[in-house]
Amino acid sequence: MIIELIDLTVKRGHTLVLNNLNAVFEGPGLIQVIGPNGAGKTTLLLTILGLIKPVKGVVRIRDTELKNSGGGLRETISYIPQKFHIPRDAPITLWEFVESYIRAYEGSMPFRSSHTVKRRIESALEMTGLPKDSWGKKISELSGGQLQRALMARVLSVDSEIILMDEPLSNIDPEGRGALAEIIGKLSSRKLLVVTNHDPVLLLPYTNKILLLGYGEYRYGDPDSILSREVLMKIYKSCAIVFGEHAHIADWH
Ligand SMILES: Nc1ncnc2c1ncn2[C@@H]1O[C@H](COP(=O)(O)OP(=O)(O)OP(=O)(O)O)[C@@H](O)[C@H]1O
């Protein structure tokens, strides 16, 4: 799968967030999208999803095998949002939260047995480290980190070719972060993942390219070229703390 961003220019209100952005995300592989708060990471994902209309330029999503085929490919995208509001009185359990995603995602596909669906839900919940005694809990009673894992479980339970993840590790404790990073890494060998992040280090071993956004500016390339002292200091300014030849991003997110 390929996502092409061509002259992509996006405004939120009167703010120019993305300015003439050109990049090609090619899968399978992991693309990290980094940048300071408000740089446009979420905006980019929403634009790829077609939820925000660019003022100029286009997003093209196509299959490497079916060049220029177009049409219908948006169904192959899953999305993990950064914020997910659950009404306090929502009656749905964690199990049903994942199940409903499979049913919605595969609504138009041939009927699958409840047994297969059950196995996929169990496996997705286990993979994300959600304990069995939480599976029957109301989704509104989960902690922020558990909800983040539940969102990941939903995506793992289906087989989309492209997955957009908005800060999937941000609410997770350090041990869980390592485990989820490993899951993300494994997925990236089969799928195209576009992951926004504030700290690129954990996912670095799996990362093909990094897109660094910086208020209308951007840099796109191999991790080595983007995580260089010069590039980070240009975008993060005083928050890029330099230790010898290395730069560290101190981001207040
Ligand atoms: N609904 C909205 N209406 C108007 N402007 C918005 C809206 N949502 C975001 N913005 C603005 O768009 C710009 C980019 O926001 P976005 O959420 O894409 O940044 P981000 O890089 O994801 O930030 P963060 O790291 O804080 O999650 C910011 O200036 C923000 O204030």
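Residues numbered from 1 in each chain as written. Predicted model: local features only at pLDDT ≥ 70, side-chain atom pairs only at ≥ 80, totals over all residues.

## Digging into the nonpolar core
Our working definition: Here, a nonpolar core denotes buried Ala, Val, Leu, Ile, Met, Phe, Trp, Tyr and Cys residues that are linked to one another through C-beta atoms within 7 Å. Here exposure depends only on C-beta density: within 10 Å of a residue's C-beta, 20 or more other C-beta atoms make it buried, 12 or fewer make it exposed, and intermediate numbers make it partly exposed, the C-beta atoms being placed from the backbone. Helix and strand labels come from DSSP, where a helix needs a run of H or I of at least four residues and a strand needs a run of E of at least two; each type is numbered from the N terminus. Reported domain spans reflect what an automatic or database domain assignment gives. For every residue pair, C-beta atoms are placed from the backbone, and the pair is scored as a contact if these atoms sit within 7 Å.
One finds Val98 and Leu193 to be the most contacted residues of the largest nonpolar core, which totals 59 residues. Counting residues per element, this core draws most heavily on helix 4 (residues 144-156), which supplies six residues. Both domain 1 (2-191 + 212-220) and domain 2 (223-253) contribute no fewer than three residues apiece to this core. Look past the residues within four positions of Val98 in its chain and what remains in contact with it is Ile121, Ala124, Leu125, Ala153, Arg154 and Ser157.

## A few points about the pairing of strand 7 (residues 192-197)
Condition: Following DSSP output, two strands are said to pair if at least two bridges run between them. Note on handedness: a clockwise path from strand one over the helix to strand two, with the strands aimed away from the viewer, defines a right-handed crossover.
Within strand 7, six of the six residues are buried, leaving the element largely enclosed by the surrounding structure. Burial along strand 7 is two-sided: the residues Leu192, Val194 and Thr196 and Leu193, Val195 and Asn197 are all buried. Here six bridges tie strand 3 (residues 29-34) to strand 7, and the two strands are oriented parallel to one another. When the bridges of strand 7 are listed, Ile31 appears paired with Val194. Taken together, the five bridges between strand 6 (residues 162-166) and strand 7 define a ladder with parallel strand orientation. Its bridge partner being in strand 7, Leu164 is matched across the sheet by Val194. With respect to chirality, the unit in which strand 6 leads through helix 5 (residues 174-187) into the neighbouring parallel strand 7 is right-handed.

## Here we look at the sheet that holds strand 2 (residues 15-26)
Applied cut-off: Angles shown run from 0 to 180 degrees and are taken between the N-to-C directions of axes, each axis being a line fitted to C-alpha atoms and, for helices, limited to the stretch in contact.
Here three strands make up an open sheet; going across it, the order is 2-1-4 and the pairing antiparallel. Whereas interior strands pair on both sides, the edge strands pair on one side only; in this sheet they are strand 2 and strand 4 (56-62). In this sheet, neighbouring strand axes are inclined to one another by 15° on average, regardless of whether the strands run parallel or antiparallel. Relative to strand 4, strand 1 (residues 2-12) runs antiparallel, the two being bridged by six bridges. Looking at the pairing, Leu5 lines up with Val59 of strand 4. Sheet strands touched by helix 1 (residues 41-48): strand 1, strand 2 and strand 4. Its angle to strand 1, the strand with the most contacts, is close to 120°.

## Some remarks on the domain arrangement of the protein chain
Test applied: Ten residues, namely Ala, Val, Leu, Ile, Met, Phe, Trp, Tyr, Cys and Pro, are considered nonpolar, four, namely Asp, Glu, Lys and Arg, are considered charged, and the remaining ones, Gly among them, are considered polar.
As assigned here, the protein chain comprises domain 1 (2-191 + 212-220) and domain 2 (223-253). Tallying the contact residues gives seven residues for domain 1 and six residues for domain 2. Listing elements by their share of the side of domain 1 that touches domain 2, those giving two or more residues are strand 8 (207-214) and strand 9 (217-221). Split into classes, the residues belonging to the side of domain 1 that touches domain 2 amount to two nonpolar, three polar and two charged.

## Here we look at the site of the ligand
We apply this condition: Should the C-beta atom of a residue, placed from the backbone, lie within 6 Å of a molecule or strand, that residue is near it.
Around the ligand, 13 residues are found, and the nearest of them are Arg12, Asn37, Lys41, Thr42 and Thr43. Residue assignment for the shell around the ligand shows that the elements contributing at least two residues are strand 2 and helix 1. Examining the composition of the shell around the ligand, we find that three residues originate from one element, helix 1, more than from any other. Split into classes, the residues belonging to the shell around the ligand amount to two nonpolar, nine polar and two charged.

## Some remarks on unusual backbone geometry
The peptide bond linking Gly27 to Pro28 adopts the cis configuration, its omega dihedral lying at 0°. Tracing the backbone through its elements, the reader meets Pro28 in the loop between strand 2 and strand 3. Despite not being glycine, Asn20 has its phi angle at roughly 55°, a positive value. With respect to the helices and strands, Asn20 occurs in strand 2.

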